[in-house]
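Residues per chain, in single letters:
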Amino acid sequence: MKSITVLGSTGSIGQQTLEVADHLGMAVMALTAYKNNELLQEQAREFNPDTTILGSDPGGMDAIIDVAENSGADIIVTAIAGEAGLAPTLAALKTGKRVALANKEPLVCAGDLVMQTAREYNTEIIPVDSEHSAIFQCILGDKHKNIKKLILTASGGPFRNKTQAELRDITPEQALKHPNWTMGKKVTIDSATMMNKGLEIIEAMHLFSVTPDQIEVIIHPQSIIHSMVEFTDGSIVAQLSNPDMRMPIQYALTYPDRLPGLTRPLDLTALKGLTFEKPNPDTFPCLALAYKAANAGTEACATLNRVNENAVELFLNNEIPFTDIPVMIEKALSEF
């Protein structure tokens, strides 16, 4: 069985990756975290990796970059949240080993560089995001020229029916209650603003070599269809499953094989219906800002991501209202 290294093992994706690895009987070569030393040590006792690294220690980030390149694992899972994941991801790509990409920000901030590095070192990138995993699965065996449009689905989060006036008084506690998915704090807030989907637009551009106008976002509250691809002949192919990140994680680890997993099988007869709607631009201004940055280029995308990270942190600390997140981003893009 193959071995893995998990960069960002104490986050939501990292923890679920280890759950999947345990289910598959995979060896764990190295684990890294930023500051959750207690959980990292628990994981070390359970999985017995050769190396554990805490990024907040002196020289910790340099050590993470080094282990990304030299852990010896067959698969490197990059799940470090935010822009901090860029350098370790680039280091992982230089190994020529499979990279299971679970963080959007490297492609958002430096997509051209990331994809160029993967090509230079002949490194296989398998996306872990449920939406990009779905697209990856939908286009298997097809030619790029046959792709007309990628359709990213979004749950709409907890606030899809609210007005801007109602959103102003939203608290962090309310925004962290996602109706379908269990995720880390930052990603959950991004889902509530739909910036998460905006970042996925930029990620999809690079992963699948498409333009922003070839990517459509639709709200699908049930989170059963994880994304779709429309082909030039009008055919649409979709990937369906219960909302559980362990499925795309496992697929990234076992591709091209499919093995019995931990996700509860989908019972189509139990579904009460699958619905779709267009995102309300007044409720979700972050989506338009992401398209704007995607069309403006890499530096604008990096600015979008950096300011969003800062704004989300301010909101979580109760320093700005929820509705100021897109205001801060729009101001930064305008100045850019």
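Rules used in this analysis
Residues numbered from 1 in each chain as written. Predicted model: local features only at pLDDT ≥ 70, side-chain atom pairs only at ≥ 80, totals over all residues. Heavy atoms only, no water. Axes fitted to C-alpha atoms, helices over the stretch in contact; angles between N-to-C directions. Helix = DSSP H or I, 4+ residues; strand = E, 2+ residues; numbered from the N terminus. Parallel < 35°, antiparallel > 145°, perpendicular 65-115°, else oblique. Left-handed = near helix turned anticlockwise from the far one by under 90°. Contact = heavy atoms within 4.5 Å. Nonpolar A, V, L, I, M, F, W, Y, C, P; charged D, E, K, R; others polar. Bend = angle between axes of the 7 residues up to and from the residue. Buried < 20%, exposed > 50% of the residue type's maximum accessible area, 1.4 Å probe, protein only. Patch = residues over 30% accessible without salt bridge, like charges linked within 9 Å, V, L, I, M, F, W, Y side chains within 5 Å. Areas by Shrake-Rupley, 256 points an atom, 1.4 Å probe, with all protein chains shown as cover. Salt bridge = Lys/Arg side-chain N within 4 Å of Asp/Glu carboxyl O. Phe/Tyr/Trp six-rings, centres within 6.5 Å; stacked < 30°, edge-to-face > 60°.

What follows concerns the packing of helix α10 (residues 195–208) against helix α12 (residues 285–296). Helix-helix packing is characterised by the crossing angle of the two axes and by the distance between the axes. Packing of α10 against α12 brings their axes to within 7 Å, and their N-to-C directions diverge by 25 degrees. In terms of orientation, α10 lies roughly parallel with respect to α12. Crossing angle aside, the handedness with which α10 passes α12 is right-handed. Touching M195, K197, G198, I201, I202 and M205 of α10 are C286, L287, A290, Y291 and A294, all from α12. Looking at side-chain class alone, the contact of α10 with α12 contains 9 nonpolar, 1 polar and 1 charged residues.

This paragraph deals with helix α5 (residues 105–120). Count 3.6 residues to each turn of an α-helix, and residues three or four apart come out pointing the same way. Along its length, α5 reaches its greatest deviation from straightness, about 105 degrees, at G111. Three or more residues of α5 are buried, namely E105, P106, L107, V108, C109, A110, G111, V114, M115, T117 and A118. Contacts from the buried residues of α5 go to α4 (86–93), β5 (98–101), β6 (125–127), α9 (185–193), α10 and α13 (298–316).

Below, the discussion takes up a nonpolar patch on the surface. Among the surface-exposed residues, L240, L268, L274 and F276 lie close enough to one another that they form a single nonpolar patch of about 340 Å² accessible area. Here F276 shows up in the loop between α11 (246–254) and α12.

Glancing now at the packing of α13 against helix α14 (residues 324–335). Two numbers describe how α13 lies on α14: the axes approach to 9 Å, and their chain directions differ by 150 degrees. Classified by the angle their axes make, α13 and α14 are roughly antiparallel. Regarding α13 and α14, the two cross each other, and that crossing is right-handed. Facing α13, whose interface residues are A300, T303, L304, V307, N308, A311, V312, L314 and F315, α14 presents I325, M328, I329, A332 and L333. Looking at the contact of α13 with α14 residue by residue, the classes come out as 12 nonpolar, 2 polar and no charged.

With that out of the way, let us pick up the side chain of H226. The residue H226 is located in strand β9 (residues 225–231) in this model. If near-sequence neighbours (up to four positions away) are discounted, H226 is found in contact with S130, E131, A134, T153, W181, Q239, L240, S241, N242 and P243.

Counted under the stated rule, the structure contains 5 aromatic pairs. Measuring from centroid to centroid gives 6.4 Å for F136 and Y251, while their planes differ by 65 degrees, and the two rings are edge-to-face. Here Y251 lies in helix α11 and F136 lies in helix α6 (residues 130–138), a separation of 115 residues in the sequence. Accessibility classification places F136 together with Y251 in one group, the buried group. Plain terms: the ring middles of F136 and Y255 are 5.2 Å apart, the flat faces sit at 70 degrees to each other, and that makes the pair edge-to-face. Separated by 119 residues along the polypeptide, F136 in helix α6 and Y255 in the loop between α11 and α12 bring together distant segments of the chain. For F136, a relative accessible area of 14% corresponds to the buried category.

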